[in-house]
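# Structural features, examined
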Amino acid sequence: MRRPPGNGETVSEGPGSWSLWGRHEPRRLCCAGPDRCRQALLRIGVNMMALPGGRHLDSIPLPGQRLHLMQVDSVQRWMEDLKLMTECECMCVLQAKPISLEEDAQGDLILAGGPGPGDPLQLLLKRGWVISTELRRIGQKLAQDRWARVHSMSVRLTCHARSMVSEYSAVSRNSSQEMSQIEKLLMEKCSELSAVTERCLQVENEHVLKSMKACVSETLSTLGEHFGQLLELALTREVQALVRKIDASDNIYTTESTTGNLFSLTQEGAPLCRIIAKEGGVVALFKVCRQDTFRCLYPQALRTLASICCVEEGVHQLEKVDGVLCLADILTDDSHSEATRAEAAAVVAQVTSPHLPFTQHLSSFLESMEEIVTALVKLCQEASSGEVFLLASAALANITFFDTMACEMLLQLNAIRILLEACSDKQRVDTPYTRDQIVTILANMSVLEQCASDVIQENGVQLIMGMLSEKPRSGTPAEVAACERVQQKAAVTLARLSRDPAVAREAVRLSCMSRLIELCRSPSERNSSDAVLVACLAALRRLAGVCPEGLQDSDFQQLVQPRLVDSFLLCSNMEESFV
């Protein structure tokens with residue numbers, strides 16, 4: 001569920017099956033910050049003043065006088081002297097050096113911080129990322145017919161592949177026959193690629209080069225397939241070792257360390273999660289979550305499970321081991337810490353996600369749904385932080401998509417009152433992501449007729465009105481998208497609830513119509529979102545049906561009277577006036 005944030009240069013996936021990962025997380029080549037640089041300068045200053053024997057210049061007595069100059073900070077003196085110093089030769093070299101548009105040099109820098117000795121997992125991940133990046137770049141240069149670059153990069157690719165094979169063989173146990181065979185095929189294809197690209201450098205005939213280009217492309221694809229197979233086999237082997245270690249361990253520290261390694265692997269993408277699920281990772285983690293001696297490790301194990309269950313294999317394994325029943329037991333047991341119950345809610349949110357089609361077949365979930373919904377509502381009510389509330393409300397929001405019975409359960413549990421009260425608590429509801437979950441629940445519950453009276457009673461129309469004005473604070477794409485969803489769902493909720501005349505009149509009294517008109521006519525208010533526009537037009541038409549006197553003639557003729565598609569086209573093509 002969680003994915004680690006990017007930190008630097010983004011590298012996209014290579015073509016075909018060159019990369020094992022479904023997507024690459026961004027990487028960064030770090031440099032020292034200003035504080036670290038200052039510490040380095042201070043060390044230089046002290047060393048410049050040091051004398052043999054540990055004595056310093058300012059500790060030497062000078063006959064007849066005291067040199068007060070030595071009391072000046074050495075770094076300050078050095079910085080002042082720099083203004084008068086010029087390295088002419090170095091400056092000329094720097095000014096004459098072109099700024100290369102190539103990214104190839106980064107491939108060498110990536111390996112500067114290589115994995116530590118005896119760490120096969122990190123070795124595979126780092127080398128695998130570098131090789132898949134090289135494959136992608138070779139494909140790009142090949143498409144541009146830059147044969148010199150293709151050849152040099154092919155040679156470098158061969159070095160990387162040979163290094164990966166030799167380094168992994170040195171730190172791993174005896175390789176299987178299948179791995180040895182694929183290693184041999186990989187190195188043969190690397191040699192073949194280097195040889196054929198070298199021949200291409202000596203060919204000038206375009207027709208011959210064109211035929212050779214197809215050969216290079218085919219060799220590159222086959223090499224990528226062998227690389228993917230080898231990497232998958234090696235990673236599968238390491239995952240098996242981790243799972244066996246978790247399964248057999250009765251030591252809390254060993255289990256904690258191994259579970260942490262498994263969680264790190266889940267952050268590498270869906271293919272790694274599939275391998276973990278297939279090799280028994282879900283079974284081993286639920287075994288941890290069923291042992292009282294490992295209670296302090298429940299949050300970590302559950303967080304790992306939530307990540308694995310982003311793939312179909314993980315959800316299927318969860319159902320096979322009665323994982324839903326285990327989650328229900330954790331959520332309903334008040335003796336567990338809030339952090340543990342929040343992580344269990346995260347797993348529930350993952351396996352009920354409406355974006356994953358395979359989660360809709362969780363038959364075991366329906367048996368425990370009432371217990372889980374009750375526990376999640378209680379967790380929302382008692383949440384001590386925004387993160388806990390977010391996880392619990394996200395699980396509830398997904399469950400309302402999962403089964404319509406959940407909405408009736410929420411109504412009986414006074415969930416509307418609990419959620420609307422939470423909106424005024426900044427400690428629990430402080431981001432558009434959380435409000436997105438709340439308004440999703442309200443939108444799905446608003447199909448029930450009984451929902452309208454509860455919303456009016458809890459002053460819910462005013463809160464929905466406020467959600468129509470949701471604005472991002474940071475301006476990041478994720479937050480902007482969350483604000484759009486809040487606006488859209490708030491308009492949908494308002495349209496559904498306005499079937500009740502009492503809700504419609506309350507909305508008109510609170511000037512909801514003027515806000516809806518503003519969202520329709522001003523693209524900047526809705527971030528030019530078509531989804532928000534459609535929802536606002538639908539809500540406006542519902543309110544106009546109950547209280548038409550709240551509209552001006554121009555608004556009625558343009559936004560209500562025409563067909564919905566005509567009003568949509570009018571508003572979506574509308575340019576803002578800055579006069």
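Residues numbered from 1 in each chain as written. Predicted model: local features only at pLDDT ≥ 70, side-chain atom pairs only at ≥ 80, totals over all residues. Heavy atoms only, no water.

Under an unreviewed UniProt entry, the chain has the name INSC spindle orientation adaptor protein and belongs to Ovis aries.

Secondary structure summary: the chain contains 28 helices and zero strands in total. Expressed as a percentage of the 579 residues in the chain, the buried residues total 45%. As presented, the chain carries roughly 29,600 Å² of accessible surface, and 53% of it is formed by carbon and sulfur atoms. (Helix = DSSP H or I, 4+ residues; strand = E, 2+ residues; numbered from the N terminus. Buried < 20%, exposed > 50% of the residue type's maximum accessible area, 1.4 Å probe, protein only. Areas by Shrake-Rupley, 256 points an atom, 1.4 Å probe, with all protein chains shown as cover.)

Compared with the 36 Å implied by 1.5 Å per residue over 25 residues, the 37 Å span of helix α7 (residues 177-201) between its first and last C-alpha is a close match. Taken together, the buried positions of α7 are occupied by M179, I182, E183, L186, M187, K189, C190, L193, S194, V196, T197 and C200. Taken together, the buried residues of α7 touch α6 (147-171) and α8 (206-248). (Expected span 1.5 Å × (residues − 1). Contact = heavy atoms within 4.5 Å.)

Within the chain, residue pLDDT values average 81, and 79% of them lie at 70 or more. Overall, residues 95-115 carries pLDDT values under 50, and its contacts beyond four positions in sequence, including any with other chains, amount to 30 contacts. (pLDDT = per-residue confidence, 0-100.)

Here we come to empty space enclosed by the protein. Tallied over the full model, the rule gives one cavity of 30 Å³ or more. In this model, the largest cavity occupies a volume close to 40 Å³. What lines the largest cavity is simply L124, M164, V165, Y168, M179, E183, L230 and A234. Of all the elements in the fold, those that place two or more residues in the lining of the largest cavity are α6, α7 and α8. In terms of residue count, α6 provides more of the lining of the largest cavity than any other element does, three residues in total. (1 Å grid on protein atoms, 1.4 Å probe; cavity = no way out; pocket = protein on both sides within 12 Å on 5 of 7 lines; lining within 4 Å. Points joined across faces, edges and corners; volume = space filled by probe spheres on them.)

Time to look at the environment of T158. Relative to the helices and strands, T158 resides in helix α6. T158 gets classed as buried once you look at its relative accessible area, which sits at 7%. Considering only alpha carbons, one finds T158 and L193, 35 residues apart in sequence, at a separation of 8.7 Å. Once you skip the residues sitting within four places of it in the chain, T158 turns out to touch M187, C190 and S194. Of note is the side chain of T158, whose polar atom sits 3.5 Å from the backbone oxygen of C190. (Polar contact = N/O pair within 3.5 Å; in protein donor to acceptor, adjacent residues only side chain to side chain.)

Turning our eyes to something else, we now look at the side chain of T197. With respect to the helices and strands, T197 occurs in helix α7. Ignoring anything within four residues of it in the chain, the contact list for T197 reads V150, H151, S154 and V216.

Grouped together as the largest cluster of nonpolar side chains are 156 residues, with contacts concentrated most on L302, L318, V348, F365, I372, L376 and I399. In terms of residue count, the dominant contributor to this core is α8 (14 residues). (Core = buried A, V, L, I, M, F, W, Y, C linked by side-chain atoms within 4.5 Å.)

Further remarks concern the environment of R526. With respect to the helices and strands, the residue R526 is situated in the loop between α25 (512-521) and α26 (530-546). Put simply, R526 and L468 are 58 residues apart on the chain and 9.1 Å apart in space, counted from C-alpha to C-alpha. Within polar-contact distance, the side chain of R526 engages the backbone oxygen of C520 at 2.9 Å.

Another point: the packing of α8 against helix α10 (residues 270-278). Axis separation between α8 and α10 bottoms out at 10 Å; the angle between their running directions is 50°. It follows from the interaxial angle that α8 and α10 lie oblique. Handedness of the α8/α10 crossing: right-handed. Residues E232, L235, T236 and V239 of α8 form the contact with α10, whose own contacting residues are L272, I275 and I276. A class-by-class count of the residues in the contact of α8 with α10 yields five nonpolar, one polar and one charged. (Axes fitted to C-alpha atoms, helices over the stretch in contact; angles between N-to-C directions. Parallel < 35°, antiparallel > 145°, perpendicular 65-115°, else oblique. Left-handed = near helix turned anticlockwise from the far one by under 90°. Nonpolar A, V, L, I, M, F, W, Y, C, P; charged D, E, K, R; others polar.)

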